[in-house]
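As a plain string of letters, each chain reads:
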Amino acid sequence: KNKIPETMQSCKVSNIAASDNGTPLDGEKEHASSQESNPKSTDMTHETQEKLNKALATLENCHRRMDQLGEIFNERKSREAREDIMRESLRRWFILVRTMVLVPKSIEQAKSSQPLKDGSLSPPMDQVVTEATKLGIRHLPDVSLTINAFGCMAWSLRALHVLSRKPKIEEVRSLVSQSEGAFFKLPETKCVRMLQSPLSRATLWQAKVVKALKPIPGEKKPYEVSVLSGLLGGARDIPYTMPEESQLWSTIEDEGNRHCLCGGPSDGRFMISCDKCEVWYHGDCVDFKAQGDAQSNWICPLCTGALTLK
């Protein structure tokens, strides 16, 4: 009888010693072997851990968003407090906007309050903007939005006027440049991008024409008319009017001939013919300005000896 407890006690001690030494016990061996033989259970454990990590990340984002909303709330509360202090100045200013710009009393005042054709503000608009600065309320959100709306209105009316016909490329460049200014900010830039896309193609086309019509002093060989005709055909895909088109037309009609000291084309600029050698010169190349009957008798610098070619 005494040996049985001693045997059980010795087994217990051996198990404890094995556990302390890092050797897995029989039950632990069975649990480990069951996990190894059941990979599905391991996958479920990893999946649960991933879900937990995602939940913790979502919770952290929520806390961060709550902090941001708290800052927005405090800023808005502070802004409303400042507006309450200036409410009398705000009331006076918006009454001025209504009577001078939005709802003028007469037709004459309504016409004078409209933005100018060049996209600048009308005198009444300028007056209310100046008044906002004097009252010290221009920095307030509602006032800033109203002034920005004036700029957007002026730009939009100018764009409507320019685009009601085939616009000149200089007008489109001016529109795009004005939209990128610091005075106002358009709420939607898609309209500007629609102008910029063909404007980029037009700029590349202009560079090709300038290169094709480049003057070469002393050169007598005519321009390649076929090349110039191809360039002229490319202008049809560009919805803007460009001065280089008329230059190409004039050069093609002149069969690509070169003239003047510069060796350039007859591109539509003022030209004058020498009464002695009958060579045509650009007025700006020989510093000659048309003055009525003075054109009837003119001798070029080469024939007078004032200039010699090297």
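Our structure is the block above this text.
Residues numbered from 1 in each chain as written. Predicted model: local features only at pLDDT ≥ 70, side-chain atom pairs only at ≥ 80, totals over all residues. Heavy atoms only, no water.

Undergrad: How should I be thinking about a nonpolar patch on the surface in this particular structure?
TA: On the surface, Met 66, Leu 69 and Ile 72 cluster together into a nonpolar patch covering about 300 Å² of accessible area. Within the secondary structure layout, Ile 72 lies in helix 3 (residues 39–85). (Patch = residues over 30% accessible without salt bridge, like charges linked within 9 Å, V, L, I, M, F, W, Y side chains within 5 Å. Areas by Shrake-Rupley, 256 points an atom, 1.4 Å probe, with all protein chains shown as cover. Salt bridge = Lys/Arg side-chain N within 4 Å of Asp/Glu carboxyl O. Helix = DSSP H or I, 4+ residues; strand = E, 2+ residues; numbered from the N terminus.)

Undergrad: Explain the pattern of salt bridges to me, please; I cannot follow it from the model alone.
TA: Think of it this way: side chains of opposite charge can pair up when their charged atoms draw near. Applying the stated criterion to the full structure yields six salt bridges. Its salt-bridge partner being Arg 64, residue Glu 60 comes within 3.4 Å of it at the nearest N-O pair. Placement of both Glu 60 and Arg 64 in helix 3 is noted, with a separation of four residues, approximately one turn of the helix. Taking the shortest distance from any N to any O, the salt bridge between Arg 269 and Asp 284 comes out at 3.2 Å. With Arg 269 in the loop between strand 2 (264–265) and strand 3 (271–273) and Asp 284 in the loop between strand 4 (280–282) and helix 12 (301–304), this residue pair connects regions lying 15 residues apart in the sequence. The class for Arg 269 is partly exposed, based on a relative accessible area of 34%. Looking at Asp 284, the relative accessible area reads 53%, which means it is exposed. Through salt bridges with shared partners, a single network forms among Asp 267, Arg 269 and Asp 284. (Buried < 20%, exposed > 50% of the residue type's maximum accessible area, 1.4 Å probe, protein only.)

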